[in-house]
Amino acid sequence: MDGLLPQLDVVRKDFPILERTLAGNRPLVYLDSANTSQKPQCVIDAMVDHLEHHNANVARAMHQLGAESSEAFEAARDTVAEFLGAPSRDEVIFTKNASEALNLLANTMAWAGDRQVGEGDEVLVTEMEHHSNIVPWQLLTQRTGATLRWFGLTDDGRLDLSDVDSLITERTKVVSLTWVSNMLGTVNDVAAIARRAHEVGAVVVVDAAQAAPQMPIDLASMPVEERPDALVFTGHKTVGPTGIGVLWGSRALLDALPPFLGGGEMIETVRMEGSTYAGIPHKFEAGTPPIVEAVGLGAALRYLTDLGMDAVAAHEHAITAYALEGLAGVPGVTVLGPQDAADRGGAIAFELAGVHPHDVAQVLDSRGVAVRAGHHCARPAHARFGVQSTTRMSSYLYTTPAEVDAFVEALEAARTYFGVAS
Amino acid sequence: MTAGGTGQDLDALYQEIILDHYKNPLHAGLREPYEAEVHHVNPTCGDEVTLRVHVSPGEDGDVVADVSYDAVGCSISQASTSVMSDLLIGKPVAEALTVHEEFLALMQGKGTVEPDEDVLEDGVAFAGVAKFPARIKCALLSWMAWKDAVSSASTTQSNGGDA
Ligand SMILES: Cc1ncc(COP(=O)(O)O)c(C=O)c1O
């Protein structure tokens, strides 16, 4: 098969969990990477090494360990900046996850400042967003009297841009959209939407939680009109640990926003009467940060960079095409979202006629095949297609064609088990 | 059985009784009269049930005269709703509440509770569900909805019927 990562079997050996077996001595077929990815040994080792040899708080510890820990933490920031092609390392803010990064933006825009959202203003999202890119904006608009609007979806799961002129107007203050949908797999034309949004002076926020793991991102090389003003992703989907996420924001935006959480490290001077704040990135990093997690994330992004994000993207594309082909051969399967692998990420949500997604997932699990069932935190997108829930298979850089075969076979087994096979 | 077969565990979960109720659910549909209607969802998966309870006075206190529902969900949640309504309809509220307790204990017993068939009848088929933590919420969805509904039903007026 063309496009697969070279030496895929060697790559798989980097991920110790892929060796394990499940109940009934079945090998693990992990197809839930859009939910969270597995971790290579180098990430695990980097975190253990930090805890074993360099553990200390950052920035405030005046000793050798403190210096080592601070250096490791800040080196992780450099790695993130390189991974994203960020114009400046200071524009990289560590958060707890993608959700927190989005909340940081939506929350701080409620307060006085150049980017304050208020009555009469509009925030624009899309119907395919993860709840994490809907609810924070609902909170913002509800709290400020602004209005939340959204792009609808076409029947084939792409953004319906037919009413773009009435949606992006001079009232639009923020446009926040996902680069790659975690449910439909759709890859959105972020550049085109950013260009339009910038014409009216709106802030453009991109949820890259699904994009960062599977496609190369180079912010600096994007023309400024097309470059988002902020982009978020989460560590655990990019072969890194949980507990850490990233907000990249242009200096202009981050300087214009007031602080989010108050506490240690985000200040310049504190007096009882009031305080002044540190510059970015520290302004948005109150309290002891997730140090070991940052170290792990740094190792993860170096791992991905060593493999080459172009190669990872090609692999995802090949596997996704193969999986779509396999699914097309299973009677009763309806794939939601784009039907072919073009402009599509590696998450495939589908229905299997006559078998509820929970039951599909259960039968698959009994055969060692791990998928997700439910609404995948994208209930509005499910409602748009008139379905309550779906089963989702999501591949990643370590997924093999043989695993896709095992998945397709397991779907046949589910049909047989629930008596819908002809 | 297909190539590779399906694990024994699966059969422990999907008892014949459960699959029967799933395919032919009892007491489905929303009916009048009723004193309370509730809507419960399982936020992690989106399973939903709208459930109505009709209670009427009996010799020894209120009786569960009807449980009607409209539900979307997996085999476990659908079958559980069917089994529950069949089990509770016609029982004095006090007794129905003890059946509820018994079912709850079974689900939360991590597979160590021996179900009492005299009390739970078809409900014993759900014993295997207790060993699948992810599915316990499915089995409990409508039971929780019923508990919620019946507690307000006893104190509210009937909608559109004898009270
Ligand atoms: C598109 C998208 N956005 C946001 C998130 C939220 O990520 P996290 O839960 O790590 O904050 C996810 C992951 O679930 C996602 O897929």
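Parameters at a glance
Here, residues in each chain are numbered from 1, in the same order as that chain's written sequence. A letter from A marks each chain and a number from 1 marks each ligand, given out in the order of writing. Thresholds applied to this predicted model are a pLDDT of at least 70 for local features of residues and 80 or more for the giving and counting of side-chain atom pairs; totals over whole chains, interfaces and linings are not thresholded and use all residues. Note that the side-chain values use all heavy atoms of the structure and ignore hydrogens as well as water. Exposure above 30% relative accessible area and the absence of a salt bridge qualify a residue for a patch, where like charges join within 9 Å and nonpolar side chains (Val, Leu, Ile, Met, Phe, Trp, Tyr) within 5 Å. Exposure was quantified through the Shrake-Rupley algorithm and a 1.4 Å probe, taking into account, for residues, occlusion by the shown protein chains and nothing else. Counted as salt bridges are all cases of a side-chain nitrogen of Lys or Arg within 4 Å of a carboxyl oxygen of Asp or Glu. For the purposes of this entry, the term helix denotes a DSSP run of H or I that reaches at least four residues, the term strand denotes a run of E that reaches at least two, and both are numbered from the N terminus. What makes a residue near a molecule or strand is one non-hydrogen atom of that residue sitting within 4 Å of it. Polar contact criterion, stated in full: a pair of N or O atoms within 3.5 Å, where within protein one must be able to donate a hydrogen and the other to accept it, and residues adjacent in sequence count only if both atoms are side-chain atoms. Each residue gets one of three labels, nonpolar for Ala, Val, Leu, Ile, Met, Phe, Trp, Tyr, Cys and Pro, charged for Asp, Glu, Lys and Arg, and polar for the others, Gly among them. Only protein chains enter the accessibility calculation, which uses a 1.4 Å probe; a residue whose area is less than 20% of its type maximum is buried, one above 50% is exposed, and one in between is partly exposed. Between any two strands, pairing holds if DSSP finds at least two bridges. Charge assignment in this entry is limited to Lys and Arg as positive and Asp and Glu as negative, and neither His nor the chain termini are counted. In plain terms, the charge of a residue is placed at NZ if it is Lys, CZ if Arg, CG if Asp and CD if Glu. To pair, rings of Phe, Tyr and Trp, with the six-membered ring standing in for Trp, must have centres within 6.5 Å; the planes then decide the type, stacked if under 30 degrees apart, edge-to-face if over 60, and tilted in the middle. By definition, being over a ring means that NZ of Lys or CZ of Arg is both within 6 Å of the ring centre and within 35 degrees of the ring normal. To get an axis, fit a line to the C-alpha atoms, keeping to the stretch in contact for a helix; angles then go from 0 to 180 degrees between the N-to-C directions. Note on definitions: a residue-residue contact is assigned when non-hydrogen atoms from the two residues lie within 4.5 Å.

Caption draft 1: Representation of a nonpolar patch on the surface in the model. A grouping of Ile 267, Val 270 and Tyr 277 of chain A is seen on the molecular surface, where their side chains present a nonpolar patch of about 260 Å² in accessible area. Mapping Val 270 of chain A onto the fold places it in strand E11 (residues 267-271).

Caption draft 2: Looking closely at the site of the ligand. All names here are of chain A. Among the 13 residues in the neighbourhood of the ligand, the closest are listed as Ser 99, Asp 207, Gln 210, Thr 234 and Lys 237. At 3.0 Å from an oxygen atom of the ligand is found a side-chain nitrogen or oxygen belonging to His 130. Take Gln 210: an N or O atom from its side chain is 2.7 Å from an oxygen atom of the ligand. Taken by itself the ligand offers 390 Å² of open surface, and the protein chains cover 90% of this. Of the residues contributing to the shell around the ligand, the split by class is 2 nonpolar, 9 polar and 2 charged.

Caption draft 3: Spatial organisation of the pairing of strand E1 (residues 36-41) of chain B. Residues and elements named next belong to chain B. Side-chain alternation along E1 places Ala 36, Val 38 and His 40 on a buried face and Glu 37, His 39 and Val 41 on a face that remains uncovered. As paired elements, E1 and strand E2 (residues 48-58) share 6 bridges and run antiparallel to each other. By the bridge assignment for E2, Glu 37 is matched with Arg 52. In textbook terms, the turn of a hairpin is the stretch between consecutive antiparallel strands, and for E1 and E2 this stretch comprises 6 residues, one of which, Gly 46, has a positive phi near 90 degrees.

Caption draft 4: Looking closely at a negative patch on the surface. Residues and elements named next belong to chain B. On the surface, a cluster of negative charge is made up of Asp 11, Glu 16, Asp 20, Asp 86, Asp 116, Glu 117, Asp 118, Glu 121 and Asp 122. Where the negative patch is concerned, the elements lending two or more residues are helix H2 (16-23) and helix H5 (117-120). Along the polypeptide, Asp 86 turns up in helix H3 (residues 75-88).

Caption draft 5: Representation of the packing of aromatic side chains within the structure. In this structure the tally under the stated criterion is 11 aromatic pairs over all chains. For the pair Phe 350 of chain A and Phe 407 of chain A, a centre-to-centre distance of 5.9 Å together with 75 degrees between the ring planes defines the contact as edge-to-face. In this pair, Phe 350 of chain A sits in strand E14 (residues 347-352) while Phe 407 of chain A sits in helix H14 (residues 401-417), placing the two residues 57 residues apart along the sequence. The class of Phe 350 of chain A is buried, set by a relative accessible area of 0%. Centroid distance Tyr 417 of chain A to Tyr 14 of chain B: 5.7 Å. Interplanar angle 55 degrees. Geometry classified as tilted. Note that Tyr 417 of chain A is positioned in helix H14 and Tyr 14 of chain B in the loop between helix H1 (8-13) and H2, a pairing that runs across two chains. The exposure classification of Tyr 417 of chain A matches that of Tyr 14 of chain B, with both residues buried. Among the aromatic residues, those joined into a cluster by ring pairs are Phe 15, Tyr 303, Tyr 396 and Tyr 398 of chain A. Directly above the ring of Phe 385 of chain A sits Arg 384 of chain A, whose terminal nitrogen or CZ lies 4.7 Å from the centroid.

Caption draft 6: Spatial organisation of the sheet that holds strand E17 (residues 390-394) of chain A. Residue and element names in this part refer to chain A. Strand order in this open sheet of 4 strands is E13-E14-E17-E16, and the pairing throughout is antiparallel. Both edges of this open sheet fall to strand E13 (333-335) and strand E16 (372-374), since each of them pairs with a single strand only. In this sheet, neighbouring strand axes are inclined to one another by 30 degrees on average, regardless of whether the strands run parallel or antiparallel. Looking at chain direction, E16 and E17 are connected through 3 bridges and run antiparallel. Across the sheet, the residue bridging to Arg 372 is Arg 392, located in E17. Helix H11 (residues 309-328) contacts E13, E14 and E17 of the sheet and is inclined by roughly 5 degrees relative to E14.

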